[in-house]
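Overview (structure and organization)
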Amino acid sequence: MISVSDLVTNNRIPSNYFATDVYVRSDLELGLLENRRGDRLLAMPEPLIKAIYSGLDKETGQASKLVLYNCGRWWGKNFYARFAEEVSEYYEKPLADMSMLDFLQSLKQCWQTHGWGKIDLDQSYISQGFLVVKTWNAPFATHGPKLGFPICFLDAGVFSAFFSQLSGKDLYCVQTSCESLGAECNYFVVGLEKRLSQIEQQIEQGKSHAEIIQKLTEV
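Now for a quick tour of the structure. A quick note: this is a predicted structure, and the numbers were derived from the prediction, not measured.

Details of the pattern of salt bridges
According to the stated counting rule, one finds five salt bridges in the structure shown. Among the salt bridges present, the one from Arg-37 reaches Glu-85, with a minimum N-O distance of 3.3 Å. Here Arg-37 is found in the loop between β2 (32-34) and β3 (40-41), whereas its partner Glu-85 is found in helix α4 (residues 64-91), with 48 residues between them in sequence. Overall, the relative accessible area of 31% leaves Arg-37 in the partly exposed class. A residue is classified by how much of its surface remains accessible, and Glu-85, at 44% relative accessible area, is partly exposed. Linking Glu-46 and Lys-50 is a salt bridge whose minimum nitrogen-to-oxygen distance equals 3.7 Å. Taken together, the residues span about one helical turn, with Glu-46 and Lys-50 both in helix α3 (residues 46-60) at a distance of four residues. Since its relative accessible area comes to 37%, Glu-46 is described here as partly exposed. Assessed through its relative accessible area of 41%, Lys-50 is described here as partly exposed. Here the salt bridges share partners, and the residues they tie into one network are Arg-37, Asp-39 and Glu-85.

Okay, structure coming up:
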């Protein structure tokens, strides 16, 4: 609860820092997009997303999955650093001291404002060593090719790096459901690589997210 003394010493009540109408600023004449701190933003049109897949497939073949995943990890580390800096500065406290409510609200709005769709975290399996990330309207799933298996390799790399930085542990991420395959949403499971590697064959076999989670959580 905000006290009267807080309002006297600081007349700014924190709202959602990443709200689109205040976070994104554009200059139509120059064709520039910036955030509220003046950092450049990049718009990725659908043809570019399609070209990324086709170009990598032509140049690297089956290794394109690993290339995108590693690109996601690199971007995820930088994304975490920027996110932590902006949020900590705005709320005037380290990210680790924020309430879970404020953290989730900031992450959800940040993800949506940057054009990555919607995101939610399922913490039901934390005690078993896994975090489930759920996304909707993911651009790479929506505009990417239909390959017969989950294709959001870059997103998986981002989640791997982001939650590794957040937890201080080296985490891996596997996508278990994909909108490109007709699923209602995309599911990602984050955890230790040695535990997640056992389910990759199930994903290739087309097992559902529920079946994969059941296998993971079997004692």
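What follows continues from the structure just given.
Examining the packing of aromatic side chains
One pass over the structure, following the stated rule, counts 23 aromatic pairs. An angle of 85 degrees between the planes, with centres 6.1 Å apart, marks the rings of Phe-83 and Phe-103 as edge-to-face. Of this pair, Phe-83 sits in helix α4 while Phe-103 is found in helix α5 (residues 100-113), placing the two residues 20 residues apart along the sequence. Take Phe-83: its relative accessible area is 2%, and that puts it in the buried class. Summarising the aromatic geometry, the rings of Phe-159 and Phe-188 are spaced 5.0 Å apart at their centres and angled 70 degrees between planes, so their arrangement reads as edge-to-face.

Some thoughts on the sheet that holds strand β5 (residues 131-136)
In space, the four strands of this open sheet follow the order β4-β5-β7-β6, with antiparallel pairing throughout. Edge positions in the sheet fall to β4 (118-122) and β6 (172-177), since each of these pairs with one other strand and no more. Neighbour-to-neighbour, the strand axes of this sheet turn through a mean angle of 25 degrees, independent of strand direction. Two strands pair when backbone bridges link them, and β4 and β5 are joined in this way by five bridges, in the antiparallel orientation. Bridge pairing in β5 links Lys-118 to Trp-136. The strands touched by helix α10 (residues 209-216) are β5, β6 and β7 (186-191); relative to β7, the strand with the most contacts, the crossing angle is about 15 degrees.

Focus: the side chain of Ser-64
Relative to the elements of secondary structure, Ser-64 occurs in helix α4. Look past the residues within four positions of Ser-64 in its chain and what remains in contact with it is Leu-56 and Asp-57.

Let's talk about the nonpolar core
By size, the foremost hydrophobic cluster in this structure holds 55 residues, and its most contacted members are Phe-83, Val-133, Phe-159 and Phe-163. The biggest single contributor to this core is α4, with nine residues. Apart from residues no more than four positions distant in its own chain, Phe-163 is found in contact with Leu-121, Leu-131, Val-133, Leu-171 and Val-190.

A look at the pairing of β6
β6 sits mainly inside the fold: six of its six residues count as buried. Pairing of β6 with β7 involves five bridges; the strand directions are antiparallel. Within β7, the residue paired with Val-174 across the bridge is Val-189.

About the criteria used
Residues numbered from 1 in each chain as written. Predicted model: local features only at pLDDT ≥ 70, side-chain atom pairs only at ≥ 80, totals over all residues. Heavy atoms only, no water. Salt bridge = Lys/Arg side-chain N within 4 Å of Asp/Glu carboxyl O. Helix = DSSP H or I, 4+ residues; strand = E, 2+ residues; numbered from the N terminus. Buried < 20%, exposed > 50% of the residue type's maximum accessible area, 1.4 Å probe, protein only. Phe/Tyr/Trp six-rings, centres within 6.5 Å; stacked < 30°, edge-to-face > 60°. Pairing = 2+ DSSP bridges. Axes fitted to C-alpha atoms, helices over the stretch in contact; angles between N-to-C directions. Contact = heavy atoms within 4.5 Å. Core = buried A, V, L, I, M, F, W, Y, C linked by side-chain atoms within 4.5 Å.

Such coordinate-based values are descriptive only and should not be taken to indicate function.
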